[in-house]
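Chain by chain, the residues:
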Amino acid sequence: QVQLVESGGGLVQPENSLRLSCAASSGTFSGYHMAWFRQAPGKEREFVASVSVSGVRTTYADSMKGRFTISRDNVKNTVYLQMNSLKPEDTAAYFCAAGRGFGSRSPSGYDYWGQGTQVTVSS
């Protein structure tokens, strides 16, 4: 069992940056591939990025590639999402997830979820 808690969301102006964190409570964190998803009101949950157990492999949704960076620290049991050049369409609740299979872009590919952190991009 892995418990995940996201933090770092907030209100930010367009073109600014924000870093989200997701802290895991379990010592087995290093055995899970991790991902970030996001969900805007009235829309389905959308894949953002994933990182492998080792942190070496990463994948991104095309619209985030080059702007967002996912990373993890297996000592701190934390996964990060650095978001740069934010746009109003990035406004959503952001969720981290843990799973056994790397790179799944479907929410069904993940076993554990955090409660989400809200990101609002607006001037």
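Residues numbered from 1 in each chain as written. Predicted model: local features only at pLDDT ≥ 70, side-chain atom pairs only at ≥ 80, totals over all residues. Heavy atoms only, no water.

A.B. asks: Can you lay out the environment of G31 for me, pointing to particular residues and giving the numbers?
C.D. replies: Note on placement: G31 falls in the loop between β3 (18-24) and β4 (33-39). Here G31 falls in the partly exposed class, since its relative accessible area comes to 32%. Considering only alpha carbons, one finds G31 and R19, 12 residues apart in sequence, at a separation of 23 Å. (Helix = DSSP H or I, 4+ residues; strand = E, 2+ residues; numbered from the N terminus. Buried < 20%, exposed > 50% of the residue type's maximum accessible area, 1.4 Å probe, protein only.)

A.B. asks: Go over the pattern of salt bridges, please, and point to the residues and values.
C.D. replies: Charged atoms that come close allow side chains of opposite charge to pair. Under the counting rule described, the total for this entry stands at four salt bridges. One salt bridge connects D90 with R38, and the closest N-O pair in it is separated by 2.8 Å. Separated by 52 residues along the polypeptide, D90 in the loop between β8 (78-83) and β9 (92-99) and R38 in strand β4 bring together distant segments of the chain. One salt-bridge network, held together by shared partners, links R38, E46, R67 and D90. (Salt bridge = Lys/Arg side-chain N within 4 Å of Asp/Glu carboxyl O.)

A.B. asks: I'd like a rundown of the pairing of strand β5 (residues 46-51), residues and numbers included.
C.D. replies: Along β5, five of the six residues are buried, which leaves the element largely enclosed by surrounding structure. From the end of β4 to the start of β5, which pair antiparallel, there are six residues, and G42 there has a positive phi angle of about 80°. Pairing of β5 with strand β6 (residues 58-60), which is carried by three bridges, proceeds in the antiparallel orientation. Of the residues in β6, the one forming a bridge with V51 is T58. (Pairing = 2+ DSSP bridges.)

A.B. asks: Talk me through the side chain of T59; I want residue IDs and the actual numbers.
C.D. replies: Summarising the element assignment, T59 is placed in strand β6. In this view, T59 contacts F47, V48, A49, S50, F102, G103 and R105; residues no more than four positions away in its chain are not counted. (Contact = heavy atoms within 4.5 Å.)

A.B. asks: Any details on the sheet that holds β8? Residues and values, ideally.
C.D. replies: The strand order across the open sheet formed by four strands is β1-β3-β8-β7, and the pairing between neighbours is antiparallel. Looking along the sheet, the strands with just one partner apiece sit at the ends: β1 (4-7) and β7 (68-73). Averaged over all pairs of adjacent strands, the angle between strand axes in this sheet comes to 15°, irrespective of strand direction. Pairing geometry for β7 and β8, over six bridges, is antiparallel. When the bridges of β8 are listed, F68 appears paired with M83. (Axes fitted to C-alpha atoms, helices over the stretch in contact; angles between N-to-C directions.)

A.B. asks: Tell me about the nonpolar core, residues and numbers included.
C.D. replies: Ranked by size, the top nonpolar core spans 36 residues in total, and within it L4, W36, V79, L81, M83 and Y94 carry the most contacts. Those elements that place two or more of their residues in this core are β3, β4, β5, β7, β8, β9 and β11 (117-121). Considering each element in turn, this core owes the most residues, five residues, to β9. (Core = buried A, V, L, I, M, F, W, Y, C linked by side-chain atoms within 4.5 Å.)

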